[in-house]
Amino acid sequence: MNRQIFSIIVWTVVATLSIVGFTFLKIRTSGEGTATVEERWTEKIDSAILPETVGENTLPQNFYCIAEDSYSLSLDFLDEKHLLLGESFSFDGYFVLNLKWAAEYSVDSEKCELYIKRKSLLDGCEEISSSLAICDRMTEAIKEKILVEMDSVSLKGEGLLRDILFDRVYRYVDSVLFEIKTFEIVREGNGVLVEATKDFSSKLTFTSTNFEGSISVKDNVIFILAETDAGERKFGGVLFDNGQNLSATLYEFERPKGSRDASLTETGKMSVTIEEGSTVSDSQTVECKMKIVDAPKDFLIAPGTVFSAQKILCPGLMWMITPEDKTD
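The following paragraphs examine the structure supplied in this document.

Conventions adopted
- Residues numbered from 1 in each chain as written.
- Predicted model: local features only at pLDDT ≥ 70, side-chain atom pairs only at ≥ 80, totals over all residues.
- Heavy atoms only, no water.
- Helix = DSSP H or I, 4+ residues; strand = E, 2+ residues; numbered from the N terminus.
- Buried < 20%, exposed > 50% of the residue type's maximum accessible area, 1.4 Å probe, protein only.
- Contact = heavy atoms within 4.5 Å.
- Areas by Shrake-Rupley, 256 points an atom, 1.4 Å probe, with all protein chains shown as cover.
- Core = buried A, V, L, I, M, F, W, Y, C linked by side-chain atoms within 4.5 Å.
- Salt bridge = Lys/Arg side-chain N within 4 Å of Asp/Glu carboxyl O.
- Pairing = 2+ DSSP bridges.

### Quick notes on the overall build of the protein chain
Then, in step 1: Of regular secondary structure, the protein chain possesses four helices and 21 strands.
Then, in step 2: The buried share among the 328 residues of the protein chain stands at 46%.
Then, in step 3: Of all intrachain contacts in the protein chain linking residues separated by at least 6 positions in sequence, the fraction that spans at least 24 positions is 56%.
Then, in step 4: Summed over all atoms, the accessible surface of the protein chain reaches about 17100 Å², with 48% contributed by carbon and sulfur.

### Some thoughts on the nonpolar core
Then, in step 1: The biggest cluster of nonpolar side chains holds 41 residues, and the ones touching the most others in it are Trp101, Leu114, Ile116, Met138 and Met320.
Then, in step 2: Here this core gets seven residues from one element, more than from any other, and that element is helix H4 (residues 161–176).
Then, in step 3: Filtering out sequence-adjacent residues up to four positions away, Ile116 remains in contact with Leu50, Leu75, Leu83, Leu85, Ala103, Glu104, Tyr105, Glu179, Ile180, Lys181 and Phe183.
Then, in step 4: If you look at the next biggest cluster of nonpolar residues, it comprises 22 residues, including Phe211, Ile224, Phe235 and Met270.

### Some details on the side chain of Ser247
Then, in step 1: Residue placement: Ser247 occurs in strand S17 (residues 246–254).
Then, in step 2: Excluding residues that lie within four positions of it along the chain, Ser247 makes contacts with Val238, Leu239, Phe240, Asn242, Met270 and Ser271.

### Some details on the pattern of salt bridges
Opposite charge on two side chains permits pairing when their charged atoms draw close.
Then, in step 1: For the structure on display, the rule yields nine salt bridges.
Then, in step 2: The partner of Asp46 in a salt bridge is Lys119, and the shortest N-O contact between them spans 2.6 Å. In this pair, Asp46 sits in the loop between helix H2 (37–40) and strand S3 (63–67) while Lys119 sits in strand S7 (residues 113–123), placing the two residues 73 residues apart along the sequence.
Then, in step 3: Look at Asp46 and you get partly exposed, because its relative accessible area is 33%.
Then, in step 4: In this structure, Arg233 engages Glu252 in a salt bridge whose closest nitrogen and oxygen atoms are separated by 2.8 Å.

### Describing the pairing of strand S19 (residues 285–294)
Then, in step 1: Bridge count for strand S18 (residues 261–276) against S19 is six bridges, and the pairing is antiparallel. Each residue of the ladder has a partner; that of Val272, found in S19, is Ile292.
Then, in step 2: The pairing of S19 with strand S20 (residues 306–312) spans seven bridges and is antiparallel. Each residue of the ladder has a partner; that of Val286, found in S20, is Lys311.

Quick look at the structure:
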């Protein structure tokens, strides 16, 4: 197994197991004492309005899907306005939840655009529209998947492990629930060709000549892999935008080889800025720069260090088909 992926798995496992017993405890905020869960994580309000349908809508009563090793997506158009959207949520590249969303949609046949707005999460016969309730349900589902993986975990620091997990899930739910996502869509035969550049995130891997290792950013999660004389060290955290830069409380992951026990050590806060260049290369990429604004004391990366990464601009195309064995 790729070492970097393994490190992310360890972080996920450690964070998830901590859910038990921490549900309504207080958590630390950025240097401002403590705040309750309700003060840190707020309920999301449904305020976005779908565009009106333009032209003919030929999608009702059609079902399309795509299934790959790392991602799956299905669109079940129930009528002129409602659909069921199924998708896999890969928690840090390893633990996968198969989600089903009740959604509304509209189309613009002249622009070949499809607009989708997730309204609630379906869990069996239950429909959940509260963003915080959805996060709670997802953390419990992830916990059930991970409990069999580890025997024990320990936390060294002042934070709560449960909050690391909830932060990660909250950032995902906040980015999709009640948000209008735009797909370019063209029907061909028994399928549709979908360009989903506005709904799919990509991973950026930053490197620097002044650092042995890499920094990866995806889905508001930062992961640092450092090569040292004593071996690899791994750090991770959830990024938050404070208006001036992105910041995260970093945790180091340690797990003896072959052990079912792990530890998570709070390292301190890191702040970075990420800027995208304007020059497009022949391979349809632009250079992104990450600058370390602040770092924990005596950390492996000094403030002021600049990292670079190449961001791919080419759209992500998907061919979605109606499976022959689709049943209602």
